[in-house]
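Next come the chains, spelled out residue by residue.
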Amino acid sequence: MTWAAFETLLTGAGTTVALSLAGLAIGVPLGLALALIRWARIPVADQLVATYVSLVRATPLLTFVLFVFFVLPTMGLELDPVPAAIVTLALNTAPFNCEIWRAGLTNFPRDQLEAAEACGMTRTLAFRRIVAPQLWRVCLGPLVSEMTILLKATPAVAVIGVVEITRAASRIGAATYDPLPPFLAATVIYTLLIAVIVQAQRVIEALIARRYGYAAP
Amino acid sequence: MADAAPAVSARLVCKQFDGIEVLRDVSLDVAKGSTACIVGPSGSGKSTFLRCVNWLEQPTTGQILLNGAPMGVVPSPKGGTRPMTAKELALARTRVSMVFQHFALWPHLTVLGNVIEAPVHVLGRPRDEAVEDARRLLARVGLEAKADAFPHTLSGGQKQRVAISRALAMKPEVLLFDEPTSALDPEMVGEVLEVMRDLAKEGMTMMVVTHEMAFARDVADTIAFFDAGRVIETGDPKAFFTAPQTDRARRFLTRYGI
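Residues numbered from 1 in each chain as written. Chains lettered and ligands numbered in written order. Predicted model: local features only at pLDDT ≥ 70, side-chain atom pairs only at ≥ 80, totals over all residues. Heavy atoms only, no water.

Draft legend 1. Focus on the overall build of chain B. Each helix and strand in chain B was counted, giving 9 helices and 12 strands. At 18 Å, chain B has a C-alpha radius of gyration in line with the 18 Å of a compact globule built from 258 residues. A burial count over chain B gives 55% of its 258 residues as buried. In chain B, of all internal contacts separated by at least 6 residues, the share reaching a separation of at least 24 is 65%. Surface accessibility of chain B: about 11,400 Å² in total, with carbon and sulfur atoms responsible for 50%. (Helix = DSSP H or I, 4+ residues; strand = E, 2+ residues; numbered from the N terminus. Rg over C-alpha atoms; globule rule 2.2 N^0.38 Å. Buried < 20%, exposed > 50% of the residue type's maximum accessible area, 1.4 Å probe, protein only. Contact = heavy atoms within 4.5 Å. Areas by Shrake-Rupley, 256 points an atom, 1.4 Å probe, with all protein chains shown as cover.)

Okay, structure coming up:
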């Protein structure tokens, strides 16, 4: 494998990371917003979110990408490949994040909320001061797990012409008639990326444990 | 004369959960500066009644008055009432504080953080002032040294004393205790009851749901005996403990060896 080929792979890796980060930056907060809608049982919106979550959970990512890229333009929403890829990844990960946040909210100790209410906190204040600071710690593990799934799902967007790691590797393999080196290199890159994410999680959990003496309530 | 109004007045409070009657026509007055102990068998509605006072449970019918002002509802100009908005209810709740059976401290905040949380963020008091106040309250329950500790490092008795400081930090008109010693090891019950005795002596208005009969007998100004969702006996503790009026109360007290 030549240096130029390796550079292609690295560029692909950059694309994978950028797509994942963009997907996360939208998907994680969006998931929280959806979870809060369900937690607060806002009429109609609650039902809509539940339907959205069920639909996306049942749709393969590849199908979802093709839908966003080819079907949305017929409805007047035309997106370039990269924005389409980001939108797809974000909308795909949001429902899973929603379920993670929602599980954290549902299992939040009731007595703590009652103590907040009894002190005269409104729901919003109780969420901000009591729930949120603990919620993200409980959800950290599952959220990181969903992040790694998102990162590994990015090759699906190759189908609309976005060149990420896997697409880059297969191109190199096709050009050199020697697929083993690029795919081995691709595997190493994926492994390193996942290792970085998991390591970051460990560091954060260790910091929480040191500060509060426990990893999660 | 508004000043003569009881600190808490419950009038014909009824509560149903999914059609099951939990409280029926409960009426009780707690005079300002007095301590009312609510006793009775498990499942008789004592805790539910206490939780109606600060509207953690909404009475199905009936009224709660705090120093004459209705809780949970606002009289409307045309007569009748409307439910309080979330903001009005939150404001009304700042007048009553509650101590829970399982402490319900917030584990992500230090002891000091727990005590100043609501005064600063709900009442909007200046932080320095709230901290000073909190240190004084913690000193009074013997926990000034634990101000910077997190709740999980404390014993049950210490947690409950922090919870009492947190409740007092709101400078409430009434303090509600929901079985404050039931989750404690026998050795830690005393330290919590001692704090409560002092509060009673200082003229704090308190409503205490408890199974500690000795405490009720010594400290209460009024006893309310609950059975099956009703108050079947109220009055002076001496009379209640030496000569209960009802068979049910007599049988109940026998089990405590009284």
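Draft legend 2. Inspection of the environment of L89(B) at higher detail. Residue and element names in this part refer to chain B. For L89, the location among the structural elements is in helix α2 (residues 86–93). Judged by relative accessible area, L89 falls into the buried class, the value being 15%. Sequence spacing of L89 and V73 is 16 residues, and the spatial spacing of their C-alpha atoms is 8.3 Å. Apart from residues no more than four positions distant in its own chain, L89 is found in contact with W55, M71, G72 and M84.

Draft legend 3. Local environment of the UniProt feature "domain: ABC transporter" (unreviewed entry) in chain B. The feature "domain: ABC transporter" (unreviewed entry), as given by UniProt, occupies residues 8–253 of chain B in the numbering adopted here. Annotated as 37% helix and 26% strand, the span residues 8–253 of chain B places its first and last C-alpha atoms 26 Å apart. (UniProt positions renumbered as here; feature names shortened; annotations may be inferred.)

Draft legend 4. Molecular detail of the sheet that holds strand β10 (residues 206–209) of chain B. Residues and elements named next belong to chain B. Taken in spatial order, the 6 strands of this open sheet run β8-β9-β10-β3-β11-β12, and their pairing is mixed. On the outer flanks of this sheet lie β8 (96–99) and β12 (230–235), each paired with one strand and no other. Within this sheet the neighbouring strands show an average axis-to-axis angle of 20 degrees, counted without direction. Bridge analysis of strand β3 (residues 35–39) against strand β11 (residues 222–227) gives 4 bridges, and the strand direction is parallel. If you follow I38 over to β11, its bridge partner there is A224. Strand contacts of helix α6 (residues 186–201): β3, β9 (174–178) and β10, with the helix running at about 150 degrees to β10, the strand carrying the most contacts. (Pairing = 2+ DSSP bridges. Axes fitted to C-alpha atoms, helices over the stretch in contact; angles between N-to-C directions.)

Draft legend 5. Summary view of the nonpolar core. Formed by 78 residues in total, the largest nonpolar core has its most connected members in I38(B), F49(B), W106(B), L176(B) and M207(B). Ranked by residues supplied to this core, first place goes to helix α6 (residues 123–153) of chain A with 9 residues. In terms of domain composition, this core takes at least three residues from each of domain 1 (2–95 + 175–255) and domain 2 (105–171) of chain B. Excluding anything up to four places from it in sequence, L176(B) contacts L50(B), V53(B), N54(B), V96(B), S97(B), M98(B), V99(B) and M207(B). If you look at the next biggest cluster of nonpolar residues, it comprises 51 residues, including F103(B), L168(B), F177(B) and A220(B). (Core = buried A, V, L, I, M, F, W, Y, C linked by side-chain atoms within 4.5 Å. Domains from an automatic or database assignment.)

Draft legend 6. Seen up close, the layout of surface pockets. In this structure, the largest pocket occupies an estimated 830 Å³ of space. Around the largest pocket sit 25 residues that line it, and W39(A), R110(A), L113(A), E117(A) and R123(A) are the ones nearest its centre. Every element with two or more residues in the lining of the largest pocket is listed here: α1 (3–39), α4 (81–106), α5 (110–118) and α6 of chain A together with α2 of chain B. The class makeup of the residues in the lining of the largest pocket is 12 nonpolar, 2 polar and 11 charged. By volume, the second largest pocket is sized at about 250 Å³. W55(B), Q58(B), G72(B), V73(B) and P83(B) are the residues nearest the centre of the second largest pocket, which is lined by 16 residues in total. In terms of residues, the lining of the second largest pocket owes the most to one element, strand β4 (residues 61–66) of chain B, which gives 4 residues. Here the lining of the second largest pocket is built from residues that sort into 9 nonpolar, 7 polar and no charged. (1 Å grid on protein atoms, 1.4 Å probe; cavity = no way out; pocket = protein on both sides within 12 Å on 5 of 7 lines; lining within 4 Å. Points joined across faces, edges and corners; volume = space filled by probe spheres on them. Nonpolar A, V, L, I, M, F, W, Y, C, P; charged D, E, K, R; others polar.)

Draft legend 7. The side chain of S34(B), seen in detail. All names here are of chain B. Relative to the assigned elements, S34 resides in the loop between β2 (20–30) and β3. Look at S34 and you get buried, because its relative accessible area is 8%. For S34, the side chain forms a polar contact with the main-chain oxygen of A31, separated by 2.7 Å. Look past the residues within four positions of S34 in its chain and what remains in contact with it is M204, T205, M206 and D221. (Polar contact = N/O pair within 3.5 Å; in protein donor to acceptor, adjacent residues only side chain to side chain.)

Draft legend 8. Region of the structure containing the interface of chain B and chain A. Listed as interface residues are 23 residues of chain B and, on the opposing side, 23 residues of chain A. Summed over both partners, the interface of chain B with chain A buries about 2,000 Å², with 62% contributed by carbon and sulfur atoms. One can count 3 salt bridges joining chain B with chain A. When the shortest N-O distance is used, the salt bridge between R51(B) and E114(A) registers 2.7 Å. Taken together, the links from chain B to chain A amount to 7 residue pairs in polar contact (both at pLDDT 80 or more). Listing elements by their share of the side of chain B that touches chain A, those giving two or more residues are α2, β8 and α3 (111–121) of chain B. With 3 residues, α3(B) is the single largest residue contributor to the side of chain B that touches chain A. A breakdown of the residues in the side of chain B that touches chain A according to their chemical character gives 13 nonpolar, 6 polar and 4 charged. (Buried area = accessible area lost by both parts, 1.4 Å probe. Salt bridge = Lys/Arg side-chain N within 4 Å of Asp/Glu carboxyl O.)

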